[in-house]
Amino acid sequence: MQPSHKDPPSPILRLYRINAGSCNGCDVELAVTASVSRFDVGTLGCDYTEDPGDAHIVLITGPLTVRVRDKVLRSHAEVPEPKVTVLVGVCPISGGVFRDSYAVSGPVDRYLPVDVNIPGCPPHPRAIVAGIAQAAALWREKHATAPPVQRNEDVAGTAGLRGRMRFNASACVGCRMCEHVCAGGAIRFDEGDAGLAFTLWHNSCALCGLCSHYCPTKALTATGEWQMAHRQEDKYRQVEQGVIPLVPCSGCGTAMLPVAAELLKIGYRGISRETDRLKTLCSECRQKESIGGLRR
Ligand code: SF4
Ligand code: SF4
């Protein structure tokens, strides 16, 4: 039988942390929420506990490695019902950069019911506190007699926070460099009749910024939108999407992806005066035209 909380419930919601094989990046950020007053979970009416039997909310970090899986499941079961389970960082949510590793059993929702996800790699303490506030509200919903907790509305220090990536389909030329450099496997392209569909999964994005760094047209940019904590039912809605429409080649009429003038200038080393014309041609026509141009 599952352990359960005695009534009346504790006036403090206690947080129990489980490390499911993390690199400790998220755990360091969790430590900040226990020790730095500006991000202190105490302002939410929460406190950390070392005793799973005394806890109300479980915070899990790490991708759930094969080695620790059974211990994690046992520790989670020791927390009394009704409990709220929160995944901290992209690793427990999707596997993050460890997704396809032979040593990883996760994502965690394959084994445990999950309530709240806090993406990031690692999430900023503010994002963690916002996620814990959602978890505390959910715990109150599950346990109507719980006392209200206060929201931490401290908005100081937003400058420089890493937030969700933004995609601009009209600037994208479908070169797929972003997909190639994304270690988290967060970016996917699907070819369709209307064009090339782009999807970026925020729950896999490590916010490393490599995609925007290597994007030749700056179609991908990092924003300061750090608040990405969400309920589990919204897990698969946390996406950035767009379609890069196909355009007809001005030479043969074949549907093709747009061509970036910036790339043509690099490819032709700035020697072609015909970049504007070349960018309207598919690669085959461009090749024929440029060979013809060289002969002239
Ligand atoms: S910032 Fe870009 S490259 Fe880095 S994990 Fe996110 S989508 Fe992938
Ligand atoms: S133009 Fe930028 S966003 Fe588009 S596919 Fe290339 S790297 Fe990705």
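Trainee: Residue-level account of the packing of aromatic side chains, with values.
Mentor: Two aromatic rings are characterised by how far apart their centres lie and by the angle between their planes. Scanning the entire structure with this criterion turns up two aromatic pairs. Note on Phe167 and Phe198: the rings are 3.7 Å apart at their centroids and 10° apart in plane angle, and the pair reads as stacked. With Phe167 in strand β6 (residues 165-167) and Phe198 in strand β8 (residues 195-201), this pair connects stretches of sequence that are 31 residues apart. Overall, Phe198 belongs to the buried group, its relative accessible area being 1%. For the pair Phe189 and Phe198, a centre-to-centre distance of 5.5 Å together with 70° between the ring planes defines the contact as edge-to-face. For the pair formed by Phe189 and Phe198, the shared burial category is buried. Through a chain of ring-to-ring contacts, the aromatic side chains of Phe167, Phe189 and Phe198 assemble into a single cluster.

Trainee: Provide a residue-level description of the sheet that holds strand β2 (residues 46-48), including the pertinent values.
Mentor: Taken in spatial order, the six strands make up an open sheet running β2-β1-β3-β4-β5-β10, and their pairing is mixed. Looking at strand neighbours, the two that pair on one side only are β2 and β10 (230-231), the edges of this open sheet. Two elements, strand β3 (residues 57-61) and strand β4 (residues 84-88), share five bridges in a ladder whose sense is parallel. Within the sheet, the bridge partner assigned to Ile57 lies in β4 and is Val84. Its contacts with the sheet place helix α1 (residues 25-35) against β1 (13-19), β2, β3 and β4, and it is angled at close to 145° to β3. The strands touched by helix α4 (residues 125-142) are β1, β2, β3, β4, β5 (116-118) and β10; relative to β5, the strand with the most contacts, the crossing angle is about 175°.

Trainee: Tell me what's going on with the environment of Cys211, and back it up with residues and numbers.
Mentor: Within the element layout of this structure, Cys211 appears in helix α6 (residues 210-214). Spatially, the C-alpha atom of Cys211 lies 9.4 Å from that of Ala222, the residues being 11 residues apart in sequence. Not counting chain neighbours up to four residues away, the residues in contact with Cys211 comprise Met165, Cys178, Val181, Ile187 and Leu220.

Calculation criteria
- Residues numbered from 1 in each chain as written.
- Chains lettered and ligands numbered in written order.
- Predicted model: local features only at pLDDT ≥ 70, side-chain atom pairs only at ≥ 80, totals over all residues.
- Heavy atoms only, no water.
- Phe/Tyr/Trp six-rings, centres within 6.5 Å; stacked < 30°, edge-to-face > 60°.
- Helix = DSSP H or I, 4+ residues; strand = E, 2+ residues; numbered from the N terminus.
- Buried < 20%, exposed > 50% of the residue type's maximum accessible area, 1.4 Å probe, protein only.
- Pairing = 2+ DSSP bridges.
- Contact = heavy atoms within 4.5 Å.
- Axes fitted to C-alpha atoms, helices over the stretch in contact; angles between N-to-C directions.

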